[in-house]
Amino acid sequence: MKVIKAQTAGFCFGVKRAVDQVYDLAAKEKEPVYTYGPIIHNEEVVRDLEEKGVQVLNGKEDLLSVKKGTVVIRSHGVAEEVYDLICENGLNLADATCPFVKKIHRIVRREGENGREIVIIGNANHPEVEGIRGWCVSKVTVIGTEEEAEEFEPNSDTGVCVVSQTTFNYKKFNKLVEILSKKRYDILVLNTICNATEERQQEARKIAADVDAMIVIGGRHSSNTQKLFEICKEECKNTYYIQTLEDLDVHSMQSMSCVGITAGASTPNNIIEEVHKECQK
Ligand code: F3S
């Protein structure tokens, strides 16, 4: 059987970099290693790291209770205040903020210092957005819906700088920018959407269109895996949604001559590889 595994299956560059960094630290550090929030929304990875001694700090109170060791900042990034707390508390800092997120921190800081107020297009409760807010030095507004864009009242005497949460939907971003731009003030729009999700979806669609069966691997509650499944199902009616190799009906695969594999953004590589190997048998 021919097996095509998507190159973009699983962790994006930023998440992979962060997870690898924690495993490296867990292997070499003598003092305790912590992550500020779960390094990734995958219980198996968090549990595996816990067994290796890595503990999760849930917020500032937890952080202040720690007296020694290294704190890893995950790919979503955090507010500047958290960096300060880590240093003031005498802890070591390992910054695994995705460089694409770090770039947004630099933009909002620079444009704020240049006198512009900041608009973040995104979900106000998402940790990445909370982190970006924490680098703003001027007025900041988070806009996630068309109503919020309509209601937005800019300062009359300063310009506006618009950035986006990296995982925000591109079409929705354009729509919100269109509404903001109609207000005719000095507006600087920087599209800071990361295309990792888009690329993963495009590749999955392409593979699914060419195979007899498509396997999509990811957590049951992972919305990006559900989306991948829907996309693949449109192209290939034999699309299977599995969480691990255990869910795979190996017998039904045996009659296929060509099978494709993709995986959601929080699916660890070892799970993808297990499925890949099984299909190649
Ligand atoms: Fe991933 Fe970084 Fe993009 S964490 S989704 S590569 S912004």
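Residues numbered from 1 in each chain as written. Predicted model: local features only at pLDDT ≥ 70, side-chain atom pairs only at ≥ 80, totals over all residues.

The name given to the chain in an unreviewed UniProt entry is 4-hydroxy-3-methylbut-2-enyl diphosphate reductase, with the source organism recorded as Hominisplanchenecus faecis. Quoted verbatim from the Sequence similarities (unreviewed entry) field of UniProt, the annotation for the chain is "Belongs to the IspH family." Taken from UniProt, the Function (unreviewed entry) comment for the chain reads in full: "Catalyzes the conversion of 1-hydroxy-2-methyl-2-(E)-butenyl 4-diphosphate (HMBPP) into a mixture of isopentenyl diphosphate (IPP) and dimethylallyl diphosphate (DMAPP). Acts in the terminal step of the DOXP/MEP pathway for isoprenoid precursor biosynthesis." (UniProt positions renumbered as here; feature names shortened; annotations may be inferred.)

### A look at the sheet that holds strand S10 (residues 213-217)
One open sheet holds the four strands; their spatial order is S1-S12-S10-S11, and the pairing between them is parallel. Edge positions in the open sheet fall to strand S1 (2-5) and strand S11 (239-242), since each of these has one partner strand only. On average, each strand axis in the sheet is inclined to that of its neighbour by 20°, with strand direction left out of account. Bridge analysis of S10 against strand S12 (residues 258-263) gives five bridges, and the strand direction is parallel. (Pairing = 2+ DSSP bridges. Helix = DSSP H or I, 4+ residues; strand = E, 2+ residues; numbered from the N terminus. Axes fitted to C-alpha atoms, helices over the stretch in contact; angles between N-to-C directions.)

### Notes on the site of the ligand
In the vicinity of the ligand, the residues found are Cys-12, Phe-13, Gly-14, Val-15, Ser-75, Cys-98, Phe-100, Val-101, Thr-166, Thr-167, Cys-194 and Ala-196. Sorting the residues of the shell around the ligand by element identifies helix H1 (13-28) and helix H5 (99-113) as the ones contributing at least two each. Element by element, the count of residues in the shell around the ligand is highest for H1, at three residues. Partitioned by chemical class, the residues of the shell around the ligand number eight nonpolar, four polar and no charged. Domain assignment of the residues forming the shell around the ligand places at least three in each of domain 2 (13-98) and domain 3 (100-189). (Near = placed C-beta within 6 Å. Nonpolar A, V, L, I, M, F, W, Y, C, P; charged D, E, K, R; others polar. Domains from an automatic or database assignment.)

### Notes on the UniProt feature "binding site: isopentenyl diphosphate" (unreviewed entry) in the chain
UniProt feature "binding site: isopentenyl diphosphate" (unreviewed entry): in the numbering of this structure it lies at His-41, His-76, His-126, Ser-222, Ser-223, Asn-224 and Ser-266. Relative to the assigned elements, His-76 resides in the loop between strand S4 (70-73) and helix H4 (80-88). Position of Ser-222 among the secondary structure elements: in the loop between S10 and helix H10 (223-235). Once residues within four sequence positions are removed from consideration, Ser-222 is found in contact with Gly-264 and Ser-266. (Contact = placed C-beta atoms within 7 Å.)

### Side note on the sheet that holds strand S2 (residues 33-36)
Pairing is parallel across the open sheet formed by four strands, whose spatial order is S3-S2-S4-S5. Each of the sheet's edge strands pairs with one partner strand only, and the pair in question is strand S3 (54-57) and strand S5 (92-95). Here the strands of the sheet are splayed against their neighbours by 30° on average, with no regard to which way each runs. Where S2 meets S4, four bridges bridge the pair, whose relative direction is parallel. Bridge pairing in S4 places Thr-35 opposite Val-72.

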